[in-house]
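Structural overview
Here are the chains, one letter per residue:
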Amino acid sequence: AFREAWKSRRCLVPATAFYEWQVPADGSPKRPHAIASSSGELLALGGIWERWRDPADGTEVRTVAIVTTDANELMEPIHHRMPVIVPSEAWEQWLGAAVPPASLLRPYAADRMQAWRVSTVVNNARNDRPECLVPLGN
């Protein structure tokens with residue numbers, strides 16, 4: 001389904017942070033975490049985009065999907081996968097006409113990231129505000 005997008009419609013999605021939900025072993029509710037660069041710089045998440053026609057009304061719809069990879073050491077306790085994070089020196093490779101090298105699909109270096117628990121306020125996409133990133137006490 002994404003073969004053509006992978007070949008020629010890759011993009012970078014800038015992000016201050018991304019969220020992932022940890023499933024506790026004791027069956028309690030999922031725990032949201034924010035994950036960001038340890039230096040505070042923006043992350044560039046590797047994505048692909050596609051356009052298609054809505055069969056209901058014929059309008060063009062553009063969609064984006066974030067490409068994922070295996071979790072690094074920081075992410076493993078939280079979730080089994082993570083977004084592909086493209087370092088700035090590889091942006092041209094990711095966006096270029098050729099298929100990017102497999103090395104860009106590896107997990108981002110764990111020592112360049114930080115993670116912290118956040119409130120369940122992030123469970124609603126309409127809550128796009130600074131408090132979504134406030135660390136939650138354990």
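Read on for a plain summary of the structure. (Residues numbered from 1 in each chain as written. Predicted model: local features only at pLDDT ≥ 70, side-chain atom pairs only at ≥ 80, totals over all residues. Heavy atoms only, no water.)

1. Points about the nonpolar core
Counting 11 residues, the largest nonpolar core is built from Ala15, Phe18, Ile35, Leu43, Leu45, Ala71, Met75, Met82, Ile85, Tyr108 and Met113. Setting aside residues no more than four positions away along its own chain, Ile35 makes contact with Ala17, Phe18, Tyr19, Glu20, Leu43, Leu74, Met75, Met113, Gln114 and Ala115. (Core = buried A, V, L, I, M, F, W, Y, C linked by side-chain atoms within 4.5 Å. Buried < 20%, exposed > 50% of the residue type's maximum accessible area, 1.4 Å probe, protein only. Contact = heavy atoms within 4.5 Å.)

2. Observations regarding the sheet that holds strand E5 (residues 60-66)
The 3 strands lie next to each other as E1-E4-E5, forming an open sheet whose pairing is antiparallel. The two strands at the open ends of the sheet, each matched to only one other strand, are strand E1 (10-15) and E5. This sheet shows a mean twist of 40° between the axes of neighbouring strands, independent of strand direction. Pairing between E1 and strand E4 (residues 43-53): 6 bridges, direction antiparallel. Note on E4: the bridge partner recorded for Val13 is Leu45. (Pairing = 2+ DSSP bridges. Helix = DSSP H or I, 4+ residues; strand = E, 2+ residues; numbered from the N terminus. Axes fitted to C-alpha atoms, helices over the stretch in contact; angles between N-to-C directions.)

3. Things to note about the pairing of strand E3 (residues 31-37)
Residues in a regular strand project their side chains so that they alternate between the two faces of the sheet. A large share of E3 lies buried, amounting to 6 of its 7 residues. In this structure, E3 lies alongside strand E8 (residues 113-117), joined through 5 bridges in antiparallel fashion. Looking at the pairing, Ala36 lines up with Gln114 of E8.

4. Observations concerning the sheet that holds strand E2 (residues 17-22)
The strand order E2-E3-E8 describes an open sheet built from 3 strands, whose pairing is antiparallel. Strands with a single pairing partner mark the edges of an open sheet, and in this sheet they are E2 and E8. Each strand of the sheet is rotated relative to its neighbour by a mean of 30°, with strand direction disregarded. Here 6 bridges tie E2 to E3, and the two strands are oriented antiparallel to one another.

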